[in-house]
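Now for the letters of each chain:
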Amino acid sequence: MNTLKDLFLNELSDMYDSEHRITKALPKIIKAATCQELQGALQHHMEETGEQVAKLDRVFAAFDEQPRAKKCPAMIGILAEGDEIISKNKKSPAINAAIISAAQKVKHYEIASYGCLHAWAQELDNSEAASILEEILNEEKHADKTLNDLSAAKNEEALEEVGAGSGSEKS
Ligand code: FE
Ligand code: FE
């Protein structure tokens, strides 16, 4: 019978795989961005993702387990869809908006997953693992908020450009 610990270790291996895939996907996404602030934020996420892999190594260790990756079909799909939307908008002024939406989908999957992992580590009475997972969860939430703020600023700029181009006045 599968226990909560099995479920936890399975999900942990899934996120171990996800973080590796995100690290591999980010350089191409950073290159596609035309907004310097967004590039900077993504660069920071890439470094943070590398550190998160090391943090997950410590979570496995807190359960006396060897780190292992289990293929995450969801992250493969989210990244593939992101790649598609970014390719389709390469020449568009909406390229940065496309990148932000793709990145936020990744972040939301991570937030849901780490939220569960954190709660399960607490239920399994492993406070060391729980505190590391909470750290990662907070990083993902913060990254999502950064993308949100950038998106709001970008949308405003785009609307102002449209307004200026058409000569219309802002109400
Ligand atoms: Fe992450
Ligand atoms: Fe998954």
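Source: prediction; values computed, not measured. (Residues numbered from 1 in each chain as written. Chains lettered and ligands numbered in written order. Predicted model: local features only at pLDDT ≥ 70, side-chain atom pairs only at ≥ 80, totals over all residues. Heavy atoms only, no water.)

Regarding the overall build of the protein chain
Broken down by element type, the protein chain carries 5 helices and 0 strands. Reading the helices (α) and strands (β) of the protein chain from amino to carboxyl end gives α-α-α-α-α. When the backbone C-alpha atoms are referred to their principal axes, the protein chain occupies close to 65 × 30 × 25 Å. Out of the 171 residues in the protein chain, the part that is buried amounts to 41%. (Helix = DSSP H or I, 4+ residues; strand = E, 2+ residues; numbered from the N terminus. Buried < 20%, exposed > 50% of the residue type's maximum accessible area, 1.4 Å probe, protein only.)

Quick notes on unusual backbone geometry
As a rule of thumb, non-glycine residues mostly have phi less than zero, and peptide bonds are mostly trans rather than cis. The phi torsion at Asp64 lies on the positive side, around 55°, for a residue other than glycine. You will see that Asp125, though not glycine, has its phi angle at about 60°, which is positive. Position of Asp125 among the secondary structure elements: in the loop between α4 (95–123) and α5 (127–166). Asp125 gets classed as exposed once you look at its relative accessible area, which sits at 70%.

Comments concerning the coordination of the iron ion (ligand 2)
Looking at the iron ion (ligand 2), the protein donor atoms are Asp14 (OD), Asp14 (OD), Cys72 (SG) and Tyr109 (OH), and they sit 1.9 to 2.4 Å from it. With 4 donor atoms in place around the iron ion (ligand 2) and angles of 57 to 154° between them, the coordination shape is irregular. (Donors = N, O, S within 2.8 Å, 3.2 Å for Na, K, Ca; no water. Tetrahedral: all angles 85-135°; square planar, octahedral: opposite > 155°, others 65-115°.)

Section: α4
For α4, spanning 29 residues, the distance from its first C-alpha to its last is 43 Å, which sits close to the expected 42 Å at 1.5 Å a residue. One or two positions beyond α4, positive phi appears at Asp125, with a value near 60°. (Expected span 1.5 Å × (residues − 1).)

Remarks on the packing of aromatic side chains
With the rule as written, the count across this model stands at 2 aromatic pairs. When the ring of Phe8 is compared with that of Phe63, the centres are 4.7 Å apart and the planes differ by 40°; the resulting orientation is tilted. Of this pair, Phe8 sits in helix α1 (residues 4–32) while Phe63 is found in the loop between α2 (36–62) and α3 (73–88), placing the two residues 55 residues apart along the sequence. Classification of Phe63 as buried rests on a relative accessible area of 9%. Here the aromatic rings of Tyr16 and Phe60 are separated by 5.5 Å at their centres, their planes lie at 80°, and the arrangement is edge-to-face. (Phe/Tyr/Trp six-rings, centres within 6.5 Å; stacked < 30°, edge-to-face > 60°.)

Some thoughts on the environment of Lys28
Its place among the elements puts Lys28 in helix α1. For Lys28, a relative accessible area of 48% corresponds to the partly exposed category. Counting along the chain gives 14 residues from Lys28 to Asp14, while the straight-line C-alpha distance between them is 23 Å.

Let's talk about the coordination of the iron ion (ligand 1)
Protein coordination at the iron ion (ligand 1) comes from Glu19 (OE), Glu19 (OE), Gln52 (OE1), Glu110 (OE) and Glu140 (OE), with a distance range of 2.1 to 2.4 Å. Binding-site remark: the iron ion (ligand 1) is held by donors from one chain whose sequence spacing is E-x32-Q-x57-E-x29-E. Residue Glu19 is located in helix α1, and its partner Glu140 is located in helix α5; the two are separated by 121 residues in the primary sequence. Across this residue pair, the class does not change: Glu19 and Glu140 are buried.

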